[in-house]
Amino acid sequence: MIKMGLKLLLAFSTIIIIGSEAHCKASQYENDINKWQMASKLIVANKTNKAQRILMEMLRKTTLSKSLIYLTLGRLTFQDGKFSKALQYYRNVEQDSPYWMEAKEELAWTYIRMDKADKAIANGATLLTPIFLGQMGPEPYFMMSYANLMICDYEKIFHLSKMFKHNESAKVEQLELISSGKPSKTLTQAFDKLRKGPYHT
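Peer 1: Sorry, what's going on with the pattern of salt bridges here?
Peer 2: Side chains that differ in charge, positive against negative, can pair when their charged atoms come close. This model, assessed by the stated rule, comprises three salt bridges. Between E57 and K35 there is a salt bridge, with its nearest N and O atoms 3.4 Å apart. Taken together, the positions of E57 in helix α2 (residues 48-60) and K35 in helix α1 (residues 2-44) put the pair 22 residues apart, joining distant regions of the chain. Residue E57 is classed as partly exposed on the basis of its relative accessible area, which comes to 40%. The shortest N-O distance in the salt bridge between R75 and E106 comes to 2.8 Å. One end of the pair, R75, is in helix α3 (residues 66-79); the other, E106, is in helix α5 (residues 100-113), with 31 residues separating them in the sequence. Since its relative accessible area comes to 33%, R75 is described here as partly exposed. For E106, a relative accessible area of 18% translates into the label buried. Each of R75, E102 and E106 takes part in a single network of salt bridges with overlapping partners.

Definitions and limits used
- Residues numbered from 1 in each chain as written.
- Predicted model: local features only at pLDDT ≥ 70, side-chain atom pairs only at ≥ 80, totals over all residues.
- Heavy atoms only, no water.
- Salt bridge = Lys/Arg side-chain N within 4 Å of Asp/Glu carboxyl O.
- Helix = DSSP H or I, 4+ residues; strand = E, 2+ residues; numbered from the N terminus.
- Buried < 20%, exposed > 50% of the residue type's maximum accessible area, 1.4 Å probe, protein only.

As structure tokens, then:
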């Protein structure tokens, strides 16, 4: 009986410990989310020094994706006009991260601000490959057109315009439906997936 009691006590204690650890992890995650949101608000308020201190601390220890922190630091230093530093942060965003495409586009914009159109084009071209079709919005087309305008490559600009019309026309149609107040089957399906998916709470 004593052995059985000890086993039950051990099992119960283990459940409590696991539950406590899970609660602590959840609390830490919420705390880190709050820290990142605070840093983002400080960047918008142009209080970048305070934001940078928070983000650098989070790089040392955080439950969030470090790629998100690097992306945010890239935006902060870009805003401050520290373009070389911004490049370093954007390059640290991992390729398998959901933030990689954003980082790639913003990396290209950084090169544009540094008057390095060729490097902007080289980085931006990756986003317009067929593999990313459907995942990007109109921004890369605009960015690439601007970079090509810097080097007076008008033929490429017209080509990008045709690409945009061909690849994005379906999205434009859906946006027009939404703006007119008419039901959109695509939007309904997207909301259904969100309700059923891992982001629904």
